[in-house]
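Now for the letters of each chain:
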Amino acid sequence: MGVLDGRTALVTGAGRGIGAAIAEGLAAEGAIVMVSDAGVAVDGSGHDTGPAETVATAINERGGKAFPDCTDITDFAACADLINRAASTLGGFDIMVNAAGILRDGMVFKMPEQDWDSVIAVHLKGTFNLTRHASAWWRENRGGQYRLINFTSMSGLQGAPSQPNYAAAKMGIVGLTFSCANALKGYGVRSNAIAPIAGTRMTQGIKGGGSMDYSAANQRLSPANVVPPVVYLASEQSDWLNRRVIFAGNGRISLMSNPVVEREIVSSSGTWDIPTAFAEIETSFKEAVLYPNIFDKPSAS
Ligand SMILES: NC(=O)c1ccc[n+]([C@@H]2O[C@H](COP(=O)([O-])OP(=O)(O)OC[C@H]3O[C@@H](n4cnc5c(N)ncnc54)[C@H](O)[C@@H]3O)[C@@H](O)[C@H]2O)c1
């Protein structure tokens, strides 16, 4: 008996890394899974049916039930086909996990237009493509306990300096997830995002990642450690959880705060003159803003 017995799931990016661990984890808990992955390189080039087939075969050999697929998620029409095929092949369509991704890092002042467009196309447009067609299916098939689980990143939430394209796409995914949380709640859908950390080929190239050891030897950063909160979100038990970001990995599962008003100055007249605004912004906001984030370098002494 698994916590996902009878549930059906489509996982993108499921041929490698975190997506593969999620497909395996959902299947191990009893879900029937479509393992979707176009088998591209980290920069998005190429195409290979091998990774999806390998993961699906491994799940089936272990007694689970999985089907491979190699749709390119940047293709809107192909994603419509994929959702329909998933629903008929799996015998339903309860869980959508959008974990496919690529990287094309570079400083914003040097970034080629193509590197911006490719990363937005896979992460933001790709997540939209599947969400768009999945949500239409859920709307037509009301009465289920449906789950949208999208992948964001601390790179976006904290602003990785060499990943402007990726950070923008990942924050766009947060906005899409939050919008869907409000728009689709009435159709039985719960929409949340995961901000993971794991040692995969995506993190292999990270240099100067502080004390973080991204090698396969570091079990704390195993993609398997991202799986438990995803299984929880995929289960019917997570009915109460909607419109949130959860960080997962390195031994931690963290509920990230949603944006709220942190400090506020209010003019009794309803208007502000410049000198008063200068003075009150500094008095009220400065202390709150001067906190470090993970990308701050230690200040030179
Ligand atoms: N690894 C981390 O620490 C980390 C941190 C933050 C966010 N993430 C996010 O987690 C998700 C999984 O990352 P990962 O580290 O496992 O990466 P990965 O490179 O190991 O796997 C990504 C998979 O996505 C597939 N893919 C890429 N473009 C595709 C497309 N157009 N169509 C279909 N499939 C495509 C690739 O073939 C690949 O197998 C990504 O969304 C990534 O941005 C990862």
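Scroll up to find the structure this text is about.
Not measured: the values here are computed from a predicted model.

> Explain the site of the ligand to me, using residue names and the numbers behind them.
In the vicinity of the ligand, 30 residues are found, and the nearest of them are Ile18, Asp37, Tyr166, Thr200 and Arg201. Contact between the ligand and Arg16: an oxygen atom at 3.0 Å from a side-chain N or O atom of the residue. The backbone of Ala99 places a nitrogen or oxygen atom 3.2 Å from an oxygen atom of the ligand. Taking 830 Å² as the accessible area of the ligand by itself, protein coverage stands at 97%.

> Account for the side chain of Ser36, with residues named and values stated.
If you trace the backbone, Ser36 turns up in strand S2 (residues 32-36). Within the local environment of Ser36, its side chain forms a polar contact with the side chain of Asp69, the two groups lying 2.7 Å apart. With near-sequence residues (within four places) excluded, Ser36 lies in contact with Leu10, Val11, Thr12, Gly13, Ala14, Gly15, Asp69, Thr71 and Leu82.

> Explain a nonpolar patch on the surface residue by residue, including any values.
On the surface, Met107, Val108 and Phe109 cluster together into a nonpolar patch covering about 320 Å² of accessible area. Assessed through its relative accessible area of 33%, Met107 is described here as partly exposed.

> Help me get a handle on the environment of Asp239, residues and values and all.
On the secondary structure map, Asp239 appears in the loop between helix H8 (227-234) and strand S7 (245-249). Filtering out sequence-adjacent residues up to four positions away, Asp239 remains in contact with Gln145, Arg147 and Arg190.

> Give me the pairing of strand S5 (residues 146-151): which residues, what numbers.
Extensive coverage of S5 is indicated by the burial of six of its six residues. Neither face of S5 is exposed, since Tyr146, Leu148 and Asn150 on one face and Arg147, Ile149 and Phe151 on the opposite face are all buried. Inspection of the sheet shows strand S4 (residues 95-98) paired to S5 by four bridges, in the parallel sense. Each bridged residue has a counterpart across the sheet, and for Val97 the counterpart in S5 is Ile149. Crossover S4 to S5 through helix H4 (residues 113-140) is right-handed. Pairing of S5 with strand S6 (residues 189-196) involves six bridges; the strand directions are parallel. Across the sheet, the residue bridging to Asn150 is Ala193, located in S6.

> Explain helix H3 (residues 76-90) residue by residue, including any values.
Counting along an α-helix, one turn takes 3.6 residues, and residues three or four places apart therefore face a common direction. Between its first and last C-alpha atoms H3 spans 21 Å; for 15 residues at 1.5 Å apiece the expected length is 21 Å, and the two agree. Residues of H3 that are buried: Ala78, Cys79, Ala80, Leu82, Ile83, Ala86, Ala87 and Leu90. Residues of H3 that are buried sit in contact with strand S1 (8-12), S2, strand S3 (65-69), S4 and H4. Where H3 begins, the capping side chain belongs to Asp75, and its oxygen is found 3.2 Å from the backbone nitrogen of Ala77. With its phi angle positive at about 80 degrees, Gly91 sits one or two positions after the end of H3.

> Outline the side chain of Asp69, supporting the account with residue identities and numerical values.
Tracing the backbone shows Asp69 in strand S3. Within the structure, Asp69 has its side chain in polar contact with the side chain of Arg85 (distance 2.7 Å). Among all residues touching Asp69, those that are not within four sequence positions of it are Met34, Val35, Ser36, Asp37, Ala52, Leu82 and Arg85.

> Quick rundown of the packing of helix H1 (residues 17-28) against H8? Include the residues and the values.
A pair of packed helices is characterised by two quantities: the angle between their axes and the separation of those axes. Look at H1 against H8: their axes get within 10 Å of each other, and the N-to-C directions meet at 55 degrees. Classified by the interaxial angle, the pair formed by H1 and H8 is oblique. In the packing of H1 onto H8, the handedness of the crossing is right-handed. Between H1 and H8, the residues in contact are Ala21, Ile22, Gly25 and Leu26 and Val227, Val230, Val231 and Ala234, respectively. When the residues that make up the contact of H1 with H8 are grouped by side-chain class, the tally is seven nonpolar, one polar and no charged.

Each value, and the rule that gives it
Residues numbered from 1 in each chain as written. Predicted model: local features only at pLDDT ≥ 70, side-chain atom pairs only at ≥ 80, totals over all residues. Heavy atoms only, no water. Near = heavy atom within 4 Å. Polar contact = N/O pair within 3.5 Å; in protein donor to acceptor, adjacent residues only side chain to side chain. Areas by Shrake-Rupley, 256 points an atom, 1.4 Å probe, with all protein chains shown as cover. Helix = DSSP H or I, 4+ residues; strand = E, 2+ residues; numbered from the N terminus. Contact = heavy atoms within 4.5 Å. Patch = residues over 30% accessible without salt bridge, like charges linked within 9 Å, V, L, I, M, F, W, Y side chains within 5 Å. Salt bridge = Lys/Arg side-chain N within 4 Å of Asp/Glu carboxyl O. Buried < 20%, exposed > 50% of the residue type's maximum accessible area, 1.4 Å probe, protein only. Pairing = 2+ DSSP bridges. Right-handed = clockwise from strand over helix to strand, strands pointing away. Expected span 1.5 Å × (residues − 1). Axes fitted to C-alpha atoms, helices over the stretch in contact; angles between N-to-C directions. Parallel < 35°, antiparallel > 145°, perpendicular 65-115°, else oblique. Left-handed = near helix turned anticlockwise from the far one by under 90°. Nonpolar A, V, L, I, M, F, W, Y, C, P; charged D, E, K, R; others polar.

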